[in-house]
Amino acid sequence: MTSPYFENGQRHSQFFRQSDAIGSTSSPEREHKKIFVTANHPAVRGGIRTAVLFNGQGSWFEKFGKAVYENYSSAREAYDTVEAFMQKKRGISVQRLSFDNEVYDNSTGLITKGALEKTRWQQVPTILYNYACMRAIYEEQEKAGGSVRPGFTGGYSLGVYSGFIESGAVELIHGIDLVDGRAEKMEESVKDNPGGEVRISMRTRDGEISLAHRVFFEQAFNELKNLPGIYVAAIHSDVEIMLAARDQDISTIMSFIEKFKERHAKIPEVGQLRATLLPKDQVPGPFHSKLVEGAMLGIGAALENIHVKKATIPIASNLTGRLISTVSEIVHEMEHSIPNSILLKDNIDALLKAGVIYIVQPGELRRTISMLPRFVEVKNETGEVMGREEYTT
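Notes on the structure in this doc start here. Bear in mind the structure is a predicted one, so any value in this text is a computation, not a measurement.

Here aspartate 249 shows up in helix H8 (residues 247-263). Look at aspartate 249: it is buried, it has no salt bridge, and the nearest opposite charge is arginine 246 at 4.4 Å. Other than its neighbours up to four places away in sequence, aspartate 249 contacts Gly229 and Ile230.

Set out below in structure tokens:
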């Protein structure tokens, strides 16, 4: 039997032995550096010192989840359970959707190809995949003498629903039901306001960010967020944000960045300012902005039939940047997160202050939470900065 090797940026599966990686943890040393870890690596077995943060929309890949389904009985059980639920609710096969990237509607006989590129069909498979990967990790740990649950959880945007499930706040099927309604309303809201998201960041070859980088990035940020029709979708770090806008306003962002760089052409650090429009198959709308407020209706309606419980472990909130666990906090996050900014920098800070040493992302990662914990020094008990060597298996 093989286990999936989860690698940053890969759209296809790579396979190694069970002793190889089924997750990744972040190195605080440099940008985009991922250290691949096994299910029994200290980062994953860290218990209270480990936070599991799940990926959200845009993390799918071809044959999404097929490897984990085929190789782990607990993952297969999860897929079969959700398959039965979605067949009953929507008349579709979530396994066909995940593994073959198409939707077959039992009632009409119509086939939708490339379904995972659409918000409507991408979200349920993502939550299911996240859940299945954690079951695979626990299954591997049981073989080695017992599984260890993380001390904290959360996720980026949609991924926080995986955090709700992992924390015990909602059952798997209830979480799937919520996300199904969320996805439907989000796609409808994008039809009214077609748009996208742009990543604004400082990029350096060695990953070193100076005070000048931060100062000029803050200046650009303050000017950008006051432009009409531009919304702050996420704050990742001191030098990376996401902006949301309608399609016709995306050019305003791009033009501003070019003019800002021209204004400060004599400052080398400003030349490293970047604006990147995310592909539509990852983020097909201006999410986390007022442009998608209508999507909140999908969550509100679904919540009426779902029992939310107090979380057994703290959840890093996208909405407040704090750790949450009560029913009222979780419901508030569910109801209000779609049209509001993701405060990733703040919730990473909250995790570190709570004593988290390892931040692990389960799954084969096409689109990682790549800034975890970028530009943040993660220290051990003696105050030493933990580097790549200490993460390596």
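That was the structure; now back to the text.
For the rest of this paragraph, the subject is the packing of helix H2 (residues 73-90) against helix H4 (residues 119-143). In the contact formed by H2 and H4, the axes pass within 7 Å of each other and the chain directions differ by 155°. Comparing their axes, H4 and H2 come out roughly antiparallel. Of the two elements, H2 crosses H4, and the hand of that crossing is right-handed. Mapping the contact onto sequence places Ser73, Ser74, Ala75, Ala78, Tyr79, Val82, Met86 and Arg90 in H2 and Arg120, Val124, Leu128, Tyr129, Tyr131, Ala132, Arg135, Ala136 and Glu139 in H4. Residues belonging to the contact of H2 with H4 are distributed by class as follows: 11 nonpolar, 2 polar and 4 charged.

Turning our eyes to something else, we now look at H2. Between the first and last C-alpha of H2 there are 25 Å, a value that for 18 residues agrees with the 26 Å anticipated at 1.5 Å per step. Residues of H2 that are buried include every one of Ala75, Ala78, Tyr79, Val82, Glu83 and Met86, and no others. The arc enclosing the buried residues of H2, seen along the axis, measures out at 140°, which places them on a common side. More than 90 degrees from the buried face of H2, the exposed residues found are Glu77 and Lys88.

Moving on, we get to the sheet that holds strand E11 (residues 240-246). Within the open sheet, the 4 strands sit side by side as E10-E11-E9-E12. Their pairing is antiparallel. On the outer flanks of this sheet lie strand E10 (231-237) and strand E12 (273-277), each paired with one strand and no other. Put simply, the sheet's adjacent strands are angled 20° from each other on average, direction ignored. As judged from the 5 bridges shared by strand E9 (residues 195-202) and E12, these two strands associate in the antiparallel manner. Bridged to methionine 202 within E12 is leucine 273. Along the sheet, helix H7 (residues 211-224) makes contact with E9, E10, E11 and E12, crossing E9 at roughly 155°.

The geometry of H7 relative to H8 is characterised by a closest axis approach of 11 Å and an angle of 140° between their N-to-C directions. The angle between H7 and H8 places the two elements in the oblique class. Where H7 crosses over H8, the two elements pack in a sense that is right-handed. Listed contacts from H8 to Phe216, Gln219, Ala220, Glu223 and Leu224 of H7 are Ile253, Phe256, Ile257, Phe260 and Arg263. Taken together, the residues of the contact of H7 with H8 break down into 7 nonpolar, 1 polar and 2 charged.

So, how was this worked out
- Residues numbered from 1 in each chain as written.
- Predicted model: local features only at pLDDT ≥ 70, side-chain atom pairs only at ≥ 80, totals over all residues.
- Heavy atoms only, no water.
- Helix = DSSP H or I, 4+ residues; strand = E, 2+ residues; numbered from the N terminus.
- Buried < 20%, exposed > 50% of the residue type's maximum accessible area, 1.4 Å probe, protein only.
- Lys, Arg positive; Asp, Glu negative; His and termini not counted.
- Salt bridge = Lys/Arg side-chain N within 4 Å of Asp/Glu carboxyl O.
- Contact = heavy atoms within 4.5 Å.
- Axes fitted to C-alpha atoms, helices over the stretch in contact; angles between N-to-C directions.
- Parallel < 35°, antiparallel > 145°, perpendicular 65-115°, else oblique.
- Left-handed = near helix turned anticlockwise from the far one by under 90°.
- Nonpolar A, V, L, I, M, F, W, Y, C, P; charged D, E, K, R; others polar.
- Expected span 1.5 Å × (residues − 1).
- Arc of directions from axis to C-beta.
- Pairing = 2+ DSSP bridges.

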